[in-house]
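Observations on the model geometry
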Protein chains: 2
Amino acid sequence: MSVRLKDLAKQTGYSISTISRALLGYSDVNPATRKKILEAAKRLDYYPSQIAKQLRSGRTRTIGFLIPTYGERFSDPFFIELLTGIGDMASLMDYDILVGTSGDGEKELEEYRRVVGGGRVEGLIITRTRIRDQRVSYLLKTHTPFILLGRVLDHKNVPYIDIDSRSGIKILTRHLIESGHRRIGFITTPDDLVFTKFRNQGYREALKEAGIPYDPDIVEIGNLTLESGKSLGLKLLSRKDRPTAIVAVNDLMALGTYGAAQQLGLTIGRDVSITGYDGISLSKNAHPPLTTIEVPIYEIGKQLFEMLYKLINHENLGESQILLPPKAVFRESVGSPA
Amino acid sequence: MSVRLKDLAKQTGYSISTISRALLGYSDVNPATRKKILEAAKRLDYYPSQIAKQLRSGRTRTIGFLIPTYGERFSDPFFIELLTGIGDMASLMDYDILVGTSGDGEKELEEYRRVVGGGRVEGLIITRTRIRDQRVSYLLKTHTPFILLGRVLDHKNVPYIDIDSRSGIKILTRHLIESGHRRIGFITTPDDLVFTKFRNQGYREALKEAGIPYDPDIVEIGNLTLESGKSLGLKLLSRKDRPTAIVAVNDLMALGTYGAAQQLGLTIGRDVSITGYDGISLSKNAHPPLTTIEVPIYEIGKQLFEMLYKLINHENLGESQILLPPKAVFRESVGSPA
DNA sequence: TAAGATTCCAAAAACGTTTTTGCTACATTG
DNA sequence: CAATGTAGCAAAAACGTTTTTGGAATCTTA
């Protein structure tokens, strides 16, 4: 068993309360006594029980982060970068992170209830916001602090960081149009995800402004993974009237489309142009480098934690809804059509 | 404030202990009373304080997982897959995961002391084991249950799961040799990492068995990232006596080398052959697909948790040191030299 | 009907802290 | 020298559970 205040009390002959106050540096303990106590603590390798501290103080110094395994986005490097960003900042502020995986539907909510209702966390960071997001409703109802990565549509005044992905996809699509493309495919996901909805809008708006009709035949719906991007890419690029360019809703699917194009013997940037979204490190090092929107996800992770910290500790949040402008990087995956 | 047993007691008129026993399903409470209590609990949205439970029971039902940010392996998809594997199994067994980022040196140990000494976790999963690993020594000293992903060399009898990466790299190198390569470069990392040490051995042994002298000039040392792979790949492939094949110590660096080769106008699989290690989903979908060792990291994550669970709960662990045979997948990134 | 058994519930202790309160011994002051 | 102040420590309460112990009321049995 580990050593507790009680043991230090026995060792030194002082009372538990004096030990505690000595360790915490209160002024009503004799410097000589404190020294003895500190030495004993060091000698016996005393570390205070975080659990007891938490119960007593009512503070857990822990935030929650549930990985939405629902919908398959396992191997997305995006998440680990985000998590390290959050973690590095949390560590700086002496906070811990409780991570879980959350299913979907009622099971998802149950997971949140257990963690939040059970008082294990002081706040949460929520990713992959959905159009009607039960998590947000629940957290609002229970007055639990949270920050979203991505917006929601059915509640105003909830704090978030998001990238204006409507504009982002619009810029990319427009870039394709300006490069001469008229037949531009789109690989996306079901639009219960908020960011998908915005990206879909961006795609359609860019087309509309250029006077190009929206053609549902060259819009495919997948699940954000490399594999999905590849199979949908194959589908699109095998058409006899295949598009000369493809906008993918994220980098992973774009890189999947790379695989499809290469399998079909098409040269990317010449036979077919491709764009992505996220700016994962692979996008830069793909061949050819991928035109995409660069999202500084590690930095965003840090900022998400900072905002949550302020919210939890009732500090002034400043801007609580941060919509970052997209940063497009134009690379060789886009060229003019033949 | 959230509703506690006390509140249920007030509401229903029963005592706290009866409420507790009713909720826990003990037999010495009248079915009618239990029903009333359960209803009240539901109505008032009662969720037990996990903290109090933990303090009382001495069990936290939480394991620790510290991401080693030291040494840059941020955007490695490997880690998020591992974490989801651990998380999914933990969720099944009603365990939570405390995630932190850990620096290096004394700071790293301090992080472990805080979490372990503070009694926040019942056990840990340790990744990226190092030759002389202070974490292992500490955990042994404090009798904290843990499972390693990867072996350590200075302690026998510590439980781990590892892949025999010496054999793995050996198979890949031999495959290159059998394809006709004699000049085979190696991109690796400093060998304080255990797995690097084994992989280095595998490389050298394969060369030796084929009677090829080890040439330090074509062995480069980096840091497991895509960028590092690219710059070292450039270095190797720009030599006038450039190797006809390159063994990279992980997929990310191999894919970085892809970028280098492509930048130099070399065709992979023809002008230069490349192998990786890990089998991340990108390896399959790269162009050309990468010859590598496939590591079922999600499954390993699940198994790691299972082992840790048994260790914590004093169940029979069975085999406590699991060395999985490498599973090589031979793909088009390897061809015969010109 | 008296004695023992059973049913249902409440009181209290314990987990390990922090904080409030108070006490004793000594020093300071007029 | 009596009154007041202060320094240094200890006792006890509290956070919210679970579990142990026990007690009153009812039921069973001879």
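Just so it is clear, the structure is predicted and the values come from calculations on it, not from any experiment. (Residues numbered from 1 in each chain as written. Chains lettered and ligands numbered in written order. Predicted model: local features only at pLDDT ≥ 70, side-chain atom pairs only at ≥ 80, totals over all residues. Heavy atoms only, no water.)

**Thoughts on the relation of the copies chain A and chain B**
Overlaying chain A with chain B gives an RMSD of 0.2 Å, the required rotation being 180° about an axis along which the chain moves by 0.0 Å. Interpreted geometrically, this transformation is the action of a two-fold axis. In this assembly, 100% of the residues forming the interface of chain A have copies in chain B that are likewise at the interface, indicating an isologous arrangement. (Least-squares fit on C-alpha atoms with pLDDT ≥ 70 in both. Contact = heavy atoms within 4.5 Å.)

**As for the interface of chain A and chain B**
Contacts between the two partners involve 51 residues from chain A and, on the opposite side, 51 residues from chain B. A buried area of about 5000 Å², summed over both sides, lies between chain A and chain B, and 58% of it is on carbon and sulfur atoms. Broken down residue by residue, the surface that chain A buries against chain B is led by Tyr47(A), Ile51(A) and Arg120(A), which jointly contribute 13%. Our enumeration of links across chain A and chain B arrives at four salt bridges. The partner of Asp96(A) in a salt bridge is Arg120(B), and the shortest N-O contact between them spans 2.7 Å. Our enumeration of links across chain A and chain B arrives at 17 residue pairs in polar contact (both at pLDDT 80 or more). (Buried area = accessible area lost by both parts, 1.4 Å probe. Salt bridge = Lys/Arg side-chain N within 4 Å of Asp/Glu carboxyl O. Polar contact = N/O pair within 3.5 Å; in protein donor to acceptor, adjacent residues only side chain to side chain.)

**Some thoughts on unusual backbone geometry**
All names here are of chain A. With an omega dihedral of -5°, the bond running from histidine 287 to proline 288 counts as a cis peptide bond. With respect to the helices and strands, proline 288 occurs in the loop between helix H12 (281–285) and strand S10 (292–293). One non-glycine residue, arginine 61, lies in positive phi territory at about 45°. Within the secondary structure, arginine 61 is located in the loop between helix H4 (50–57) and strand S1 (62–68). With relative accessibility at 33%, the residue arginine 61 sits in the partly exposed group. One non-glycine residue, arginine 128, lies in the positive phi region at around 55°. Counting through the fold element by element, arginine 128 comes out in the loop between strand S3 (123–127) and helix H7 (134–141). Exposure remark for arginine 128: the relative accessible area of 9% places this residue in the buried category. (Helix = DSSP H or I, 4+ residues; strand = E, 2+ residues; numbered from the N terminus. Buried < 20%, exposed > 50% of the residue type's maximum accessible area, 1.4 Å probe, protein only.)

**Some words on the protein's contact with DNA strand D**
Taken together, the neighbourhood of DNA strand D is formed by 24 residues, with Ser15(A), Thr18(A), Ser20(B), Tyr26(B) and Arg56(B) sitting nearest. Each atom of DNA strand D within 4 Å of the protein was assigned to sugar, phosphate or base; sugar and phosphate come to 62%. Between DNA strand D and the protein, one listed contact pairs a phosphate oxygen with a side-chain N or O atom of Tyr26(B) at 2.7 Å. One of the side-chain N or O atoms of Tyr46(B) is found 3.1 Å from a sugar or linking oxygen in DNA strand D. (Near = heavy atom within 4 Å.)

**Description of the sheet that holds strand S8 (residues 245–248) of chain B**
Residues and elements named next belong to chain B. If you trace the four strands from one edge of the open sheet to the other, you get S7-S6-S8-S9, paired in parallel fashion. Whereas interior strands pair on both sides, the edge strands pair on one side only; in this sheet they are strand S7 (219–221) and strand S9 (273–275). Strand-to-strand twist of the sheet, defined as the mean angle between neighbouring strand axes without regard to direction, takes the value 15°. Pairing of strand S6 (residues 184–188) with S7 involves three bridges; the strand directions are parallel. Its bridge partner being in S7, phenylalanine 186 is matched across the sheet by valine 219. On top of the sheet, helix H8 (residues 165–178) reaches S6, S8 and S9; it is set at about 175° to S8, its chief contact. Sheet strands in contact with helix H11 (residues 251–263) are S6, S8 and S9, and its direction is about 160° off that of S9. (Pairing = 2+ DSSP bridges. Axes fitted to C-alpha atoms, helices over the stretch in contact; angles between N-to-C directions.)

**Observations regarding the protein's contact with DNA strand C**
Taken together, 25 residues form the shell around DNA strand C, and within it Ser20(A), Tyr26(A), Arg56(A), Ser15(B) and Thr18(B) come nearest. Sugar plus phosphate: this is where 62% of the atoms of DNA strand C within 4 Å of the protein reside. Measuring from a phosphate oxygen of DNA strand C, one finds a side-chain N or O atom of Ser20(A) at 2.7 Å. For the surface near DNA strand C, the secondary-structure elements that each account for two or more residues are helix H1 (5–12), helix H2 (16–24) and H4 of chain A together with helix H2 (16–24) and helix H4 (50–57) of chain B. Of all the elements, H2(A) adds the most residues to the surface near DNA strand C, at four residues. Of the residues in the surface near DNA strand C, the class split is nine nonpolar, nine polar and seven charged. (Nonpolar A, V, L, I, M, F, W, Y, C, P; charged D, E, K, R; others polar.)

**Points about the domain arrangement of chain A**
All names here are of chain A. When the domains of chain A are assigned, the result is domain 1 (5–48), domain 2 (62–163 + 297–324) and domain 3 (165–295). Centre-to-centre separation of domain 2 and domain 3, based on C-alpha positions: 28 Å. Between domain 2 and domain 3, a total of about 1600 Å² is buried, with carbon and sulfur atoms accounting for 63% of that surface. The interface formed by domain 2 and domain 3 contains zero salt bridges. Inspection of the region where domain 2 meets domain 3 yields four residue pairs in polar contact (both at pLDDT 80 or more). Sorting the residues of the side of domain 2 that touches domain 3 by element identifies helix H5 (77–92) and helix H13 (297–312) as the ones contributing at least two each. Here the residues of the side of domain 2 that touches domain 3 sort into nine nonpolar, two polar and six charged. (Domains from an automatic or database assignment.)

**Describing the side chain of Ser273(A)**
All names here are of chain A. When you line up the elements, serine 273 lands in strand S9 (residues 273–275). Given the relative accessible area of 0%, serine 273 is considered buried. Those residues in contact with serine 273 that sit more than four places away from it in its chain are Leu176, His181, Thr244, Ala245, Ile246, Ser333, Val334 and Gly335.

**Things to note about the nonpolar core**
Ranked by internal contacts, the top residues of the largest apolar core, which has 142 residues, are Ile63(A), Phe65(A), Leu255(A), Ile63(B), Phe65(B) and Leu255(B). Setting aside its immediate chain neighbours within four residues, Leu255(B) contacts Leu282(A), Leu226(B), Ile280(B), Leu282(B), Ala286(B) and Leu290(B). In terms of nonpolar packing, the next biggest core, distinct from the first, is built from 34 residues, Val115(A), Val116(A), Ile126(B) and Leu148(B) among them. (Core = buried A, V, L, I, M, F, W, Y, C linked by side-chain atoms within 4.5 Å.)

**Side note on the packing of aromatic side chains**
How two aromatic rings sit relative to each other is given by the distance of their centres and the angle of their planes. The tally for this structure, following the rule as stated, stands at ten aromatic pairs over all chains. Ring centres 5.6 Å apart and planes at 65° place the aromatic pair Tyr95(B) and Phe305(B) in the edge-to-face group. Remark: Phe305(B) occurs in helix H13 (residues 297–312) and Tyr95(B) occurs in the loop between helix H5 (77–92) and strand S2 (96–102); sequence separation between them is 210 residues. Here Phe305(B) falls in the buried class, since its relative accessible area comes to 1%. Among the aromatic residues, ring-to-ring pairing joins Tyr95(A), Phe305(A) and Tyr309(A) into one connected group. A cation sits over an aromatic face here: Arg151(A) above Phe198(A), 3.9 Å from the ring centre. (Phe/Tyr/Trp six-rings, centres within 6.5 Å; stacked < 30°, edge-to-face > 60°. Lys NZ or Arg CZ within 6 Å of the ring centre and 35° of its normal.)

**A look at the pattern of salt bridges**
Summed over the entire model, instances satisfying the criterion amount to 42 salt bridges over all chains. Here Glu294(B) and Lys327(B) are joined by a salt bridge, their closest N and O atoms 3.1 Å apart. Of this pair, Glu294(B) sits in the loop between strand S10 (292–293) and H13 while Lys327(B) sits in the loop between strand S11 (321–324) and strand S12 (328–329), and the two are 33 residues apart along the sequence. A relative accessible area of 48% means that Lys327(B) is categorised as partly exposed. Here the salt bridges do not stand alone but share partners, grouping Arg166(A), Lys170(A), Arg174(A), Glu205(A) and Glu209(A) into one network.

**A look at the side chain of Thr275(A)**
Here Thr275(A) lies in strand S9. When neighbours within four sequence positions are excluded, Thr275(A) is seen to be in contact with Leu172(A), Leu176(A), Ile246(A), Val247(A), Ala248(A), Ala254(A), Leu290(A), Thr291(A) and Val334(A).

**Focus on the sheet that holds S9(A)**
Pairing between the strands of a sheet comes from backbone hydrogen bonds, and it takes one of two forms, parallel or antiparallel. Residues and elements named next belong to chain A. Read from one edge to the other, the open sheet built from four strands follows the order S7-S6-S8-S9, with strand pairing classed as parallel. Two strands lie at the open edges of the sheet, namely strand S7 (219–221) and S9, each paired on one side alone. This sheet shows a mean twist of 15° between the axes of neighbouring strands, independent of strand direction. Here helix H9 (residues 194–209) sits on the sheet in contact with strand S6 (184–188) and S7, set at roughly 175° to S6. Sitting on the sheet, helix H11 (residues 251–263) touches S6, strand S8 (245–248) and S9, and the angle it makes with S9 is about 160°.

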